[in-house]
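Listed below, chain by chain, are the residues.
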Amino acid sequence: MTAPVIAIDGPSGAGKGTVARAVARELGFAYVDTGAMYRAVAWKARHDRVAVHDEAAVEPIAARASFDLRGGRVVIDGHDVTRAIRTPEIDVAAAAVARLPRVREALVARQRALAGQGGVVMEGRDIGTAVLPDAAVKIYLDASPEERAARRAGDPAHVLSGAALGEVADALAARDRLDRTRDASPLVEAPDAVRVDTTGVPVDAVIARVLDIVRAGIGDAAGGRASAARD
Ligand code: DC
């Protein structure tokens, strides 16, 4: 039997990365950050002097670039861009390439291949709706816009960390708008997703709640693996 796949979606700053990573670690599953793939494609487009709105030029990058997402690093075509993709410029460029239907098609195919063997927690915007509609468990993480902006401003991995909260909130609201209003796979909650509002909830409590939902959803599959690991 293939190990289950878990889909975690939601807007920026909802805590998807922290939660998905912790859930993957706890279950012994792989973790895939699909936003990092859109960011890396945007980085490579800029590196190759390709306009991020030029679908015909960006699509081959999405289709053919080599990605290495192991160990928390993001490497595209041999360039380690782990830090370089967390900038305000790449925030904007990634949202632009994510609007291009052929770029999405190419990345979605690669994301499905990554999840093919199962045992994966995949995080993004369209995982439960488009990439893995048959995921064993779908979680939609959300939080108030104010809290999401505050978290993003305080994220040490993000170059915006020193910026005024108001600017971060504005930039976040603009990206949310782009993600929710694009024609190709806009950010929407899957009807069969479990919604978890993380506003005012400490991260450990969010992780515990999501793990409960995931364990209940994958039931015997997780129990079987856990007892096999103990024996
Ligand atoms: O999660 P993030 O901020 O790293 O995502 C970067 C951009 O890619 C953001 O504009 C949303 C978009 N994205 C997407 O359209 N679909 C995904 N599965 C993941 C991210």
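In case you missed it, the structure is sitting above this.
This write-up is about the structure you can find in this document. The structure presented is a predicted model; accordingly, all values stated were derived computationally and were not measured.

Digging into the environment of Asp91
Part 1 of the argument: In this structure, Asp91 sits in helix H4 (residues 88-97).
Part 2 of the argument: Residues Asp91 and Ile61, spaced 30 residues apart in sequence, show a C-alpha to C-alpha distance of 18 Å.

Details of the site of the ligand
Part 1 of the argument: Around the ligand sit 16 residues in total, of which Arg39, Arg104, Arg125, Asp126 and Arg175 are the nearest.
Part 2 of the argument: The contact in question runs from an oxygen atom of the ligand to an N or O atom on the side chain of Arg39, over 2.6 Å.
Part 3 of the argument: Between the ligand and Arg175 there is a distance of 2.7 Å, counted from an oxygen atom to a side-chain nitrogen or oxygen.
Part 4 of the argument: Coverage of the ligand by the protein chains reaches 97% of its 450 Å² of free accessible surface.
Part 5 of the argument: Elements represented by at least two residues in the shell around the ligand include exactly helix H2 (34-47), H4 and helix H8 (165-181).
Part 6 of the argument: Here the shell around the ligand takes four residues from H2, the largest share from any one element.
Part 7 of the argument: Along the lines of polarity and charge, the residues of the shell around the ligand split into five nonpolar, three polar and eight charged.

A closer look at helix H7 (residues 145-153)
Part 1 of the argument: Listed as buried for H7 are Arg148, Ala149, Arg152 and Ala153. Across the axial projection of H7, the buried residues extend over an arc of 130°, all falling on one side.
Part 2 of the argument: Against the buried residues of H7 lie H2, strand S7 (137-142) and H8.

Topic: the sheet that holds strand S1 (residues 5-9)
Part 1 of the argument: An order of S2-S6-S1-S7-S8 is seen for the five strands of this open sheet, with the pairing classed as parallel. Two strands in the sheet have a free side with no partner beyond their single neighbour: strand S2 (30-33) and strand S8 (194-197). Put simply, the sheet's adjacent strands are angled 20° from each other on average, direction ignored.
Part 2 of the argument: Across four bridges, the pairing between S1 and S7 is parallel. Bridge assignment links Ala7 to a residue of S7, and that residue is Lys138.
Part 3 of the argument: Where H2 meets the sheet, it contacts S2 and strand S6 (120-124), and its direction lies at approximately 45° from that of S2.

As for unusual backbone geometry
Part 1 of the argument: With a phi close to 60°, Arg49 is a non-glycine residue in the positive phi region.
Part 2 of the argument: Inspection of the secondary structure assignment puts Arg49 in the loop between H2 and helix H3 (55-64).
Part 3 of the argument: A positive phi angle, close to 45°, is found at Asp77, a residue other than glycine.
Part 4 of the argument: Its place among the elements puts Asp77 in the loop between strand S4 (75-76) and strand S5 (79-80).

Describing the pairing of S1
Part 1 of the argument: Counting buried positions along S1 yields five of five residues, so the element is predominantly enclosed.
Part 2 of the argument: Side chains of S1 alternate between two faces, with Val5, Ala7 and Asp9 and Ile6 and Ile8 buried alike.
Part 3 of the argument: Relative to S6, S1 is paired through five bridges, and the arrangement is parallel. Across the sheet, Ile8 pairs through a bridge with Glu123, a residue of S6.

Things to note about helix H9 (residues 203-218)
Part 1 of the argument: For H9, spanning 16 residues, the distance from its first C-alpha to its last is 22 Å, which sits close to the expected 22 Å at 1.5 Å a residue.
Part 2 of the argument: Regarding H9, the residues found buried are Val206, Ile207, Val210, Leu211, Ile213, Val214 and Ile218. Buried residues in H9, looked at end-on, bunch into an arc of 165°, giving them a common side. Those residues of H9 that are exposed and angled more than 90 degrees off the buried face are Asp204, Asp212 and Ala216.
Part 3 of the argument: Phi for Gly219, located one or two positions after H9, is positive at around 40°.

A few points about the packing of H3 against helix H5 (residues 101-115)
Geometrically, a packed helix pair is captured by the angle between its two axes and the distance between the axes.
Part 1 of the argument: Remark: H3 packs on H5, axes separated minimally by 8 Å, with the N-to-C direction vectors making an angle of 5°. Classified by the angle between their axes, H3 and H5 sit roughly parallel to one another. Between H3 and H5, the residues in contact are Glu55, Ala56, Val58, Glu59, Ile61, Ala62, Ala63 and Arg64 and Pro101, Arg102, Val103, Ala106, Leu107 and Arg110, respectively.
Part 2 of the argument: When grouped by side-chain class, the residues that make up the contact of H3 with H5 number nine nonpolar, no polar and five charged.

Topic: the nonpolar core
Part 1 of the argument: Ranked by size, the top nonpolar core spans 39 residues in total, and within it Val58, Met122 and Leu132 carry the most contacts.
Part 2 of the argument: Taken together, the elements giving at least two residues each to this core come down to S1, H2, H3, H4, H5, S6 and helix H6 (127-131).
Part 3 of the argument: Counting residues per element, this core draws most heavily on H2, at eight residues.
Part 4 of the argument: Excluding residues that lie within four positions of it along the chain, Met122 makes contacts with Ile6, Ala7, Ile8, Val32, Thr34, Gln111, Leu114, Ala115, Ile127, Val131 and Leu132.
Part 5 of the argument: Membership of the second largest hydrophobic core comes to 22 residues, among which are Val19, Ile139, Val210 and Leu211.

Calculation criteria
- Residue positions are counted from 1 within each chain, in the order its sequence is given.
- At least 70 in pLDDT is required for a residue's local features to be given in this predicted model, at least 80 for side-chain atom pairs to be given and counted, and no such filter applies to totals for whole chains, interfaces and linings, which use all residues.
- The side-chain figures draw on all heavy atoms in the structure; neither hydrogens nor water molecules are used.
- Secondary structure elements follow DSSP: runs of H or I no shorter than four residues count as helices, runs of E no shorter than two count as strands, and numbering proceeds from the N terminus.
- Note on definitions. A residue lies near a molecule or strand when any single heavy atom of the residue is within 4 Å of it.
- Throughout this description, a polar contact denotes any pair of N or O atoms lying within 3.5 Å of each other; where both atoms belong to protein, one of them has to be capable of donating a hydrogen while the other can accept it, and for residues adjacent in sequence the pair is counted only when both atoms sit in side chains.
- Computed by Shrake-Rupley with a 1.4 Å probe, the accessible areas treat only the displayed protein chains as cover when residues are assessed.
- For this classification, Asp, Glu, Lys and Arg are treated as charged, while Ala, Val, Leu, Ile, Met, Phe, Trp, Tyr, Cys and Pro are nonpolar and the rest, including Gly, are polar.
- Throughout this description, buried means an accessible area under 20% of the type-specific maximum (1.4 Å probe, protein chains only), exposed means over 50%, and partly exposed covers the range between.
- Relevant arc is that of directions from the helix axis to the C-beta atoms, nothing else.
- Contacts are assigned to residue pairs with any non-hydrogen atoms lying within 4.5 Å of each other.
- Only when DSSP finds a minimum of two bridges between them are two strands counted as paired.
- Axis definition: a line fitted to C-alpha atoms, over the contacting stretch in the case of helices. Angles run 0 to 180 degrees between N-to-C directions.
- For a helix, the expected span equals 1.5 Å multiplied by the residue count minus one.
- The cut-offs work like this: below 35 degrees is roughly parallel, past 145 is roughly antiparallel, 65 to 115 is roughly perpendicular, and the gaps in between are oblique.
- Take the buried residues of types Ala, Val, Leu, Ile, Met, Phe, Trp, Tyr and Cys, join any two whose side-chain atoms come within 4.5 Å, and each joined set is a nonpolar core.

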